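Working through the structure, step by step
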Amino acid sequence: MTEEEMLVQEQFEDVLNTGDKEALSEFLNEQNISDVAELIDENEDREIDIFMSLSMHRATGVFKILDHPTQKRIIKNLPPTKSAELLNKMEPDDRTSFFEDLPNEVVRELVKTLVPEERKITLSLLGYPENSVGRLMTPDYVYVYEDNTVAEVLDIIRGVGKNTETIDVIYVIDKHGELLDDLRIREFILASPDTKVSEMMDGRFIELNVNDDQETANEVFKMNNRVALPVVDDNNVLLGIVTIDDVLWVTNEEFSEDIQKIGGAQALDTPYLETPIFTLVKKRVGWLVILFLGEMLTATAMAFFNDEMAQVIILTNFIPLIISTGGNSGTQASTLIIQAMALGEVSLRDWWRVMRREIMSGLMLGIILGIVGFCRIAIWSFLMNHHIITSYNYGPYWVLIGLTVCFSLVGVVLWSSLIGSMLPLLLKRLGADPASSSAPFVATLVDVTGLIIFFNVALWTLTGTLL
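Residue numbering note: each chain is counted from 1, following its sequence as written. The predicted nature of this model means local features are confined to residues of pLDDT at least 70 and side-chain atom pairs, given and counted, to a pLDDT of 80 or more, with totals for whole chains, interfaces and linings taken over all residues. Excluded from the side-chain calculation are hydrogens and water; included are all heavy atoms of the structure.

With that out of the way, let us pick up the overall build of the chain. Counting secondary structure elements, the chain contains 22 helices and six strands. Out of the 467 residues in the chain, the part that is buried amounts to 43%. By the convention used here, residues are in contact when the closest approach between their heavy atoms is within 4.5 Å. The contacts of the chain with a sequence gap of at least 6 include a subset with a gap of at least 24, amounting to 65%. Summed over its atoms, the accessible surface of the chain is roughly 25200 Å², and 58% of this surface lies on carbon and sulfur atoms. Only DSSP runs of H or I covering at least 4 residues are called helices, and only runs of E covering at least 2 are called strands; the numbering of each starts at the N terminus. Only protein chains enter the accessibility calculation, which uses a 1.4 Å probe; a residue whose area is less than 20% of its type maximum is buried, one above 50% is exposed, and one in between is partly exposed. Only the protein chains shown count as cover for residues, and all accessible areas are computed by the Shrake-Rupley method using a 1.4 Å probe.

Okay, structure coming up:
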């Protein structure tokens, strides 16, 4: 806990010890919602008391930023009338986000507690495909018509603005509900009261389709300086808006999902501690079996070169070095490309530019590591020849062994960099998630090919001397 959080905790305990419910309510309603959320996390046994002491407006704000297990626990333990009031007061998109992670039977029971209007909105939002923009949007926004005057618009904002999620942007529609434009509220504040909306329109607006993927919304928000974007159907009818705070939550969830995939596991649908052991095993076992079968190919590759290893046993000492270096360089390249693709810095059409860069960087990295490897063998041989150390000697052909390791590292790092960078792009081209090109998968693939490169270089450099 930070110093400020500790101070809030101490003040909370002092107010709690007085037993004055009004003082507790006043104290909690004066705190930032993030501080109240922290109090709930630190005082699980008091979370219901805290929620019951908050004003309903503040309670909905706090509830939104709590993690899902805490949200479920609070809804379960709140008195039925209080939980119903909380769900009805929540913004439709926040309520939908909470519902979509609950079992269907629980959702059915909670939907029954909503008033008819909120129930209709919630069922409508839940009807859109999972991970679509439709699940994120809220139907609460301010809209006007092109023949309204600025004075009329300001009256509309005063009348309905307090019930909408944001009034930063006002949407212009026609009599059929089709979106014509969006205008920032500052334009109305600065305009003359008798100015017509049609005179202010320029037709330059950006909209999202209700069936767009949520990642698309993230990209559009990132490329355009907006706090909210309109959501339309295929006929350009305005259905709702998506605000930046909801997109930030989605971005965080997508990031967590990609990290899990990069680690070599399927993404978890629930928080780690809330996931049943059997589900956790099922999410991880698939990749582990695939990777295990892949590593069996490594054993096959080694068996193919048994005769060479028997003749030059020293080669086996460098197998872990070659394998781990290839895996590390491949994982680096894969992670960099996955991140670049997620940020929109790299697309499929950039594959040739990526390949050229990885050829150059892989070659330079391989040369650097190869020189380091050769120097290590040279230094070791020098120390042995001068009896400074007495362990294994590379013998009179230490230069050839050093060159074998050097050239192998150049080849393995170059190859693994290409594999690690091209695999995410290939998966994207095939319609799969680039994050599925996980670090363990790249490392396993490089293990097999790295051994083949290593032993073939050995055959090339050592034939006629040690082989």
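If a strand is regular, its side chains alternate between the two faces of the sheet. Pairing between strands requires that DSSP locate at least two bridges from one strand to the other. Bridge analysis of strand β2 (residues 169-173) against strand β3 (residues 179-184) gives five bridges, and the strand direction is antiparallel. Paired with V169 across the bridge in β3 is R184. The antiparallel hairpin formed by β2 and β3 contains five residues in its connecting segment, where G177 sits at a positive phi of about 85°.

UniProt positions are given in the numbering used here, feature names are shortened, and annotations may be inferred rather than shown by experiment. Sites flagged by UniProt as "transmembrane region" (unreviewed entry) map to residues 285-305, 363-383, 395-427 and 439-462. Helix makes up 100% of residues 363-383 and strand 0%. Its end C-alpha atoms lie 30 Å apart.

A sheet is described by the order of its strands in space; here three strands give the open sequence β1-β2-β3, paired in mixed fashion. Strands at the two margins of the open sheet, each flanked by one partner only, are β1 (143-145) and β3. Strand-to-strand, the axes of this sheet are offset by a mean angle of 35°, without reference to chain direction. Here β1 runs beside β2; their pairing, made up of three bridges, is parallel. By the bridge assignment, V144 is partnered in β2 with V172. Axes here mean lines fitted to C-alpha atoms, for a helix over just the part in contact, with angles spanning 0 to 180 degrees between N-to-C directions.

Glancing now at a nonpolar patch on the surface. On the surface, a nonpolar cluster with roughly 230 Å² of combined accessible area is contributed by V227, I244 and L248. Relative to the helices and strands, V227 is located in the loop between α15 (214-223) and β5 (228-232). Exposure remark for V227: the relative accessible area of 37% places this residue in the partly exposed category. Residues forming no salt bridge and having over 30% relative accessible area are the ones grouped into patches, like charges within 9 Å of each other and nonpolar side chains (Val, Leu, Ile, Met, Phe, Trp, Tyr) within 5 Å. Whenever Lys or Arg places a side-chain nitrogen within 4 Å of a carboxyl oxygen from Asp or Glu, that contact is recorded as a salt bridge.

Below, the discussion takes up the pairing of β2. Extensive coverage of β2 is indicated by the burial of five of its five residues. Side chains V169, Y171 and I173 of β2 all project onto a buried face; the interleaved residues I170 and V172 project onto the opposite face, where all are buried too. In the classification by handedness, the crossover that spans β1, the intervening helix α12 (residues 150-160) and the parallel β2 is right-handed. Every crossover in which the path from the first strand over the helix to the second runs clockwise, viewed with the strands pointing away from the viewer, is termed right-handed.

What follows concerns a negative patch on the surface. Only four residue types enter the charge count, namely Lys and Arg as positive and Asp and Glu as negative; His and the chain termini do not. A charge is said to be at NZ when it belongs to Lys, at CZ for Arg, at CG for Asp and at CD for Glu. A contiguous patch of negative charge on the surface is contributed by D20, E22, E26 and E30. With respect to the element layout, E26 can be found in helix α2 (residues 21-30).

A separate point is the packing of helix α1 (residues 3-18) against helix α3 (residues 33-42). Axis separation between α1 and α3 bottoms out at 10 Å; the angle between their running directions is 70°. Viewed along their axes, α1 and α3 adopt a mutual orientation that is roughly perpendicular. From α1, E4, E5, V8, Q9 and F12 reach across to α3, where they touch D35, E38, L39 and E42. Looking at the contact of α1 with α3 residue by residue, the classes come out as three nonpolar, one polar and five charged. Oblique is the label for any angle not covered by the other classes, which are roughly parallel (under 35 degrees), roughly antiparallel (over 145) and roughly perpendicular (65 to 115). Residues are grouped as follows: Ala, Val, Leu, Ile, Met, Phe, Trp, Tyr, Cys and Pro are nonpolar; Asp, Glu, Lys and Arg are charged; every other residue, Gly included, is polar.

Turning next to the nonpolar core. We call a set of buried residues a nonpolar core when its members are Ala, Val, Leu, Ile, Met, Phe, Trp, Tyr or Cys and they connect through side-chain atoms within 4.5 Å of each other. Of all hydrophobic cores here, the largest spans 32 residues; its most connected members are F51 and F99. Not counting residues within four places of it along the chain, the set of residues in contact with F99 comprises L87, V107, L110, V111, L114, T122 and L126.

What follows is about the pattern of salt bridges. For side chains bearing opposite charge, pairing can occur when the charged atoms are close. Tallying each qualifying case throughout the model produces ten salt bridges. We note a salt bridge from D155 to R158, for which the minimum N-O separation is 2.9 Å. Of this pair, D155 and R158 are both found in helix α12, three residues apart, which corresponds to roughly one turn of the helix. With a relative accessible area of 48%, D155 lands in the partly exposed category. The salt bridge partner of R353 is D350, with a shortest N-O separation of 3.9 Å. Looking at D350, the relative accessible area reads 15%, which means it is buried. Salt bridges sharing common partners tie together E44, E47 and R73.

At N236, a residue that is not glycine, the phi angle is positive and equals roughly 70°. By the element assignment, N236 lies in the loop between β5 and β6 (238-243).

Here we come to the side chain of T461. Along the chain, the position of T461 falls in helix α22 (residues 439-462). Here a polar contact is recorded for every N or O atom pair within 3.5 Å, except that within protein the pair must consist of a potential hydrogen donor and a potential acceptor, and residues adjacent in sequence are included only if both atoms are side-chain atoms. Here T404 takes part through its side chain, which lies 2.5 Å from a polar atom of the side chain of T461. Those residues in contact with T461 that sit more than four places away from it in its chain are L400, T404 and F407.

For the rest of this paragraph, the subject is the packing of aromatic side chains. Working definition: a ring pair exists when centres of Phe, Tyr or Trp rings (six-membered ring for Trp) sit within 6.5 Å. Plane angles under 30 degrees give stacked, over 60 give edge-to-face, the rest tilted. Summed over all chains, the structure comprises ten aromatic pairs. Centre to centre, the rings of F98 and F99 are 5.9 Å apart; their planes meet at 40°, and the pair counts as tilted. F99 matches F98 in its accessibility class, with the two residues each being buried. Between F374 and W398 the ring centres are 6.2 Å apart and the planes differ by 40°, which places this aromatic pair in the tilted class. Here the residue F374 occupies a position in helix α20 (residues 351-385), and W398 occupies one in helix α21 (residues 398-429), the gap between them amounting to 24 residues. Residue classification places F374 among the partly exposed positions, given a relative accessible area of 23%.

Glancing now at the sheet that holds β5. Pairing is mixed across the open sheet formed by three strands, whose spatial order is β4-β5-β6. Both edges of this open sheet fall to β4 (208-209) and β6, since each of them pairs with a single strand only. In this structure, β4 lies alongside β5, joined through two bridges in parallel fashion. Within β5, the position partnered with L208 by the bridge is V231. Sheet contacts for α15: β4, β5 and β6; angle to β5, the most-contacted strand, approximately 135°.

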